[in-house]
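Remarks on the overall topology
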Number of protein chains: 2
Amino acid sequence: MTPISKPAIEQLAFFKYLGKWILLTLPLAIVAGSMVALFLWLLDEATRLRWEHPWLLYLLPVAGVAIVALYRFRGKNAEAGNNLVMDEIHQQGGGIPARMAPFVLITTVVTHLFGGSAGREGTAVQIGGSVAQQVGKWLRLKRDDVRILLMTGVAAGFGAVFGTPVAGTVFALEVLTIGRIKYDALIPCLMAAIMADVVCSLYGIGHTHYHIDFHTLPTGGWMHFKLDPMLLGKVLMAALLFGLAGTLFAELTAGIKTLSGKLIRHKLLIPAVGGCLIIALTWALGTNDYLGLGVTSQHPDGVSIVNAFREGGAQPMSWFWKLLFTAITLGMGFKGGEVTPLFFIGATLGNAIAMVTGAPVDLFAALGFIAVFAAATNTPLACTIMGVELFGGEHILYFALACFVAYLFSGHSGIYASQRISLSKQ
Amino acid sequence: MTPISKPAIEQLAFFKYLGKWILLTLPLAIVAGSMVALFLWLLDEATRLRWEHPWLLYLLPVAGVAIVALYRFRGKNAEAGNNLVMDEIHQQGGGIPARMAPFVLITTVVTHLFGGSAGREGTAVQIGGSVAQQVGKWLRLKRDDVRILLMTGVAAGFGAVFGTPVAGTVFALEVLTIGRIKYDALIPCLMAAIMADVVCSLYGIGHTHYHIDFHTLPTGGWMHFKLDPMLLGKVLMAALLFGLAGTLFAELTAGIKTLSGKLIRHKLLIPAVGGCLIIALTWALGTNDYLGLGVTSQHPDGVSIVNAFREGGAQPMSWFWKLLFTAITLGMGFKGGEVTPLFFIGATLGNAIAMVTGAPVDLFAALGFIAVFAAATNTPLACTIMGVELFGGEHILYFALACFVAYLFSGHSGIYASQRISLSKQ
């Protein structure tokens, strides 16, 4: 195919395109960015309250019943969550209801307040998608513009909730289909993600700082990396395990959902049983470290994402417990995202692998952090870039290796049922 | 579509796949990595010789005739260069001749020895592609495996020549088609790029160090970036200009090629005239800074890529002169890549824009470096990642913004005629 070449007219059209999408994504970014800021603030408050009042955990079964009842009787099709957003992008149907945003915001905060183990990104993506749908309706946009606007909603939500706008952009493009990226929403997504992130930060919302002290470069230069073959081998082996952990998480969550649906006839009872299981597990393990987000722990030496970056910051089985807690929470009707628990699972698994193999703990925690996520969502490029945005660019080679290999080893399943398969992974 | 789910069998198959591609790309990486190392060493020697013996420039017309004659009478279809490699990946035809690798290596070094303005990546990509084809033939691989192996050849050549294996990987996936990435060669490309880069570095070949002193983060943390709206606006405006510069380069090179073919009847005369034009321009400007690679200058204060990272390291029109020198060199029959000149054009243009607008010079030189390249090759993600690999991850947001917007504004043309268009950019 020969290149199309009408430069002057083309460039003018690009100005129009750029201006159009800045204007279209501005209201989306303001509303979604503000809601995400509110959400992050409420999450912090909920976590603080739960730590101050440990008895809140005993109300988890009741909270679960309330959440499921709310969606059942007032939720319309909002319960489908992320999958509804993705379905509407693939093929527009009935649309995303406006209520999805406030519903998921409130129920996620409730999940966290009472000790459910869940994340944030699903909530942010649903806020972004729902707001985008309303903006599209309000401006009576054409079908194709609505599709792109929905994608910018995903990018905006993701970018703002983690403070990683570039990763949010690539995530929105990458998550829809396994094995393919299409660039049609590249610029609009980046605009939306940057603006939503800025809006969110204007409220004074900060994001957790992570730091990798390990340097492959004794001189501090960027380019002269001497690749350590031993380290490379350890990263490769860890990546396989990260991939399997991602798959295990997706399969276990889906399995618990199916099984509880079969075993427990009354749907409202499911979250009650789930809540009781979480309480029992917390008792059995004698720690509340696996409840809630898990970014930090109530106790300075507890297991948390932040602590997983140093020796002794996680136990060998921490990753499994978080996986189980989260699969129960999300598989049995509570609300929230999967990604922060995936960070937790990955970082603590990376910590454990590093302790066994004598690899640098902070680097392996970071690799697990992004690679388990890459495996469970099938988004290796977005996760590589997220690694750079969160941990700096020095180790991008290891980030890419870990995410790509984990992606390969996670098979064709994942946490999003509405993700399509364009290409087999091999 | 529901997820496919036969975990145990799938994971076993992935092991086989991973092992297969490590084995297949290992000989490719060793041969291509070694040839790229030889190539880089010869380039350094050629540049040193040219600086020591300025009269070599006067032989440029003769050298050009020799290059064109060599390809004409002994080159088979190797002259098609990068486009042949891309065509063979899109649809296998007659294959890439084995002689492509040594021919392009020698003629590129000759081009540089006598002062032609050209780059390296085209040469490295052709070395990688040609070696990959021979490996595929030697192992009697199936059609589909040959296609993937050719892509790994591109990744290996690109990754080794710039010391940026992750960017090389994404480049190989991204360059084939505008507006789409397919992941089928993701892991093989990364394996090949890492191994070729390691092989190349084992010969003691280093890559130029770049450094951006400008920090958006006064505290040094990764996440709390306070986006400066003024700076953002300047980056956006600069990105438009980077995009236009990329287009101008592609159009001018193609235009000079067409025009000289029409005006000069005897094909062997074209490079002779081109060589004379380069000599005349060098006289007129009174500097040899626009000859050769341009990574460094013979004079400490000359115009070069490295010097463009500081104030006064480039003149306002430096970018245009390099563009003109390179368009003449490559449009009139000399050999070499386009990318290093694109780095030069971008870095000096970024320098000039920074001086006019009061933006940080080193950051804008880096943005131009990657964004003009992104515009001319339509590979915005690879260039964003290359920015991280060369300059660190701190400014990834600006890297992405500059590359994505420059990509948008470069229209649908580019330096590779065999690049296909999957999606319109708007």
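Residues numbered from 1 in each chain as written. Chains lettered and ligands numbered in written order. Predicted model: local features only at pLDDT ≥ 70, side-chain atom pairs only at ≥ 80, totals over all residues. Heavy atoms only, no water.

1. Examining the overall build of chain A
- In terms of helices and strands, chain A carries 15 helices and three strands.
- Taken against the 2.2 N^0.38 rule, which gives 22 Å for 426 residues, the C-alpha radius of gyration of chain A at 21 Å falls within 12% of a compact globule.
- Relative to its 426 residues, chain A shows a buried fraction of 66%.
- For chain A, restricting intrachain contacts to residue pairs at least 6 apart in sequence, the fraction spanning at least 24 positions comes to 78%.
- Total accessible area computed for chain A in this model is approximately 15000 Å², and 65% of it derives from carbon and sulfur atoms.
- Separation between the mean location of the 28 positive side-chain charges and that of the 23 negative ones in chain A comes to 13 Å. (Helix = DSSP H or I, 4+ residues; strand = E, 2+ residues; numbered from the N terminus. Rg over C-alpha atoms; globule rule 2.2 N^0.38 Å. Buried < 20%, exposed > 50% of the residue type's maximum accessible area, 1.4 Å probe, protein only. Contact = heavy atoms within 4.5 Å. Areas by Shrake-Rupley, 256 points an atom, 1.4 Å probe, with all protein chains shown as cover. Lys, Arg positive; Asp, Glu negative; His and termini not counted. Charge placed at Lys NZ, Arg CZ, Asp CG, Glu CD.)

2. Quick word on the packing of aromatic side chains
Residue and element names in this part refer to chain A.
- For the structure on display, the rule yields 46 aromatic pairs over all chains.
- Considering the side-chain rings of tyrosine 210 and phenylalanine 391, the 5.7 Å spacing of their centres and the 70 degrees angle between planes classify their relative orientation as edge-to-face. Highlighted residues: tyrosine 210 in the loop between helix H8 (186-202) and helix H9 (229-263) and phenylalanine 391 in helix H14 (residues 380-391), separated in sequence by 181 residues.
- Given a relative accessible area of 9%, tyrosine 210 falls into the buried group. (Phe/Tyr/Trp six-rings, centres within 6.5 Å; stacked < 30°, edge-to-face > 60°.)

3. Notes on a positive patch on the surface
- Together, Arg74, Lys76, Arg99 and Lys137 of chain B make up a positively charged patch on the protein surface.
- Within the secondary structure layout, lysine 76 of chain B lies in the loop between helix H2 (60-74) and helix H3 (82-90). (Patch = residues over 30% accessible without salt bridge, like charges linked within 9 Å, V, L, I, M, F, W, Y side chains within 5 Å. Salt bridge = Lys/Arg side-chain N within 4 Å of Asp/Glu carboxyl O.)

4. A closer look at the interface of chain A and chain B
- Each side of the interface is counted separately: chain A has 78 residues, and chain B has 78 residues.
- When chain A packs against chain B, close to 7000 Å² is buried across both sides, 76% of that on carbon and sulfur atoms.
- Applying the counting rule to chain A against chain B returns zero salt bridges.
- Inspection of the chain A/chain B interface yields five residue pairs in polar contact (both at pLDDT 80 or more). (Buried area = accessible area lost by both parts, 1.4 Å probe. Polar contact = N/O pair within 3.5 Å; in protein donor to acceptor, adjacent residues only side chain to side chain.)

5. As for the relation of the copies chain A and chain B
- Take chain A, turn it by 180 degrees, move it 0.0 Å along the axis, and it overlays chain B with an RMSD of 0.0 Å. Expressed as a symmetry operation, the mapping of one chain copy onto the other fits a two-fold axis. When each C-alpha of chain A is compared by its distance to the rotation axis, glycine 393 of chain A comes out closest, at 1.9 Å.
- Most of the interface of chain A is mirrored in chain B: 100% of its interface residues are interface residues there too. (Least-squares fit on C-alpha atoms with pLDDT ≥ 70 in both.)

6. Topic: the packing of helix H15 (residues 396-409) of chain A against helix H8 (residues 186-202) of chain B
- Packing of H15 of chain A against H8 of chain B leaves a shortest axis separation of 10 Å and a crossing angle of 150 degrees. Here H15 of chain A lies roughly antiparallel to H8 of chain B, going by the angle between them. Pair H15 of chain A / H8 of chain B crosses with left-handed handedness. Of H8 of chain B, the residues touching H15 of chain A (which contributes Leu397, Ala400, Leu401, Phe404, Val405, Tyr407 and Leu408 of chain A) are Leu186, Ile187, Leu190, Met191 and Ile194 of chain B. (Axes fitted to C-alpha atoms, helices over the stretch in contact; angles between N-to-C directions. Parallel < 35°, antiparallel > 145°, perpendicular 65-115°, else oblique. Left-handed = near helix turned anticlockwise from the far one by under 90°.)

7. What to know about the confidence of the model for chain A
Residue and element names in this part refer to chain A.
- A residue-level look at chain A finds 95% of positions with pLDDT of 70 or above and a mean pLDDT of 90.
- In this model, residues 1-5 is a region of pLDDT below 50 whose contacts with residues beyond four sequence positions or in other chains number 12 contacts.
- This stretch, residues 218-225, has a pLDDT under 50; its non-local contacts, to residues over four places away or in other chains, come to 27 contacts. (pLDDT = per-residue confidence, 0-100.)

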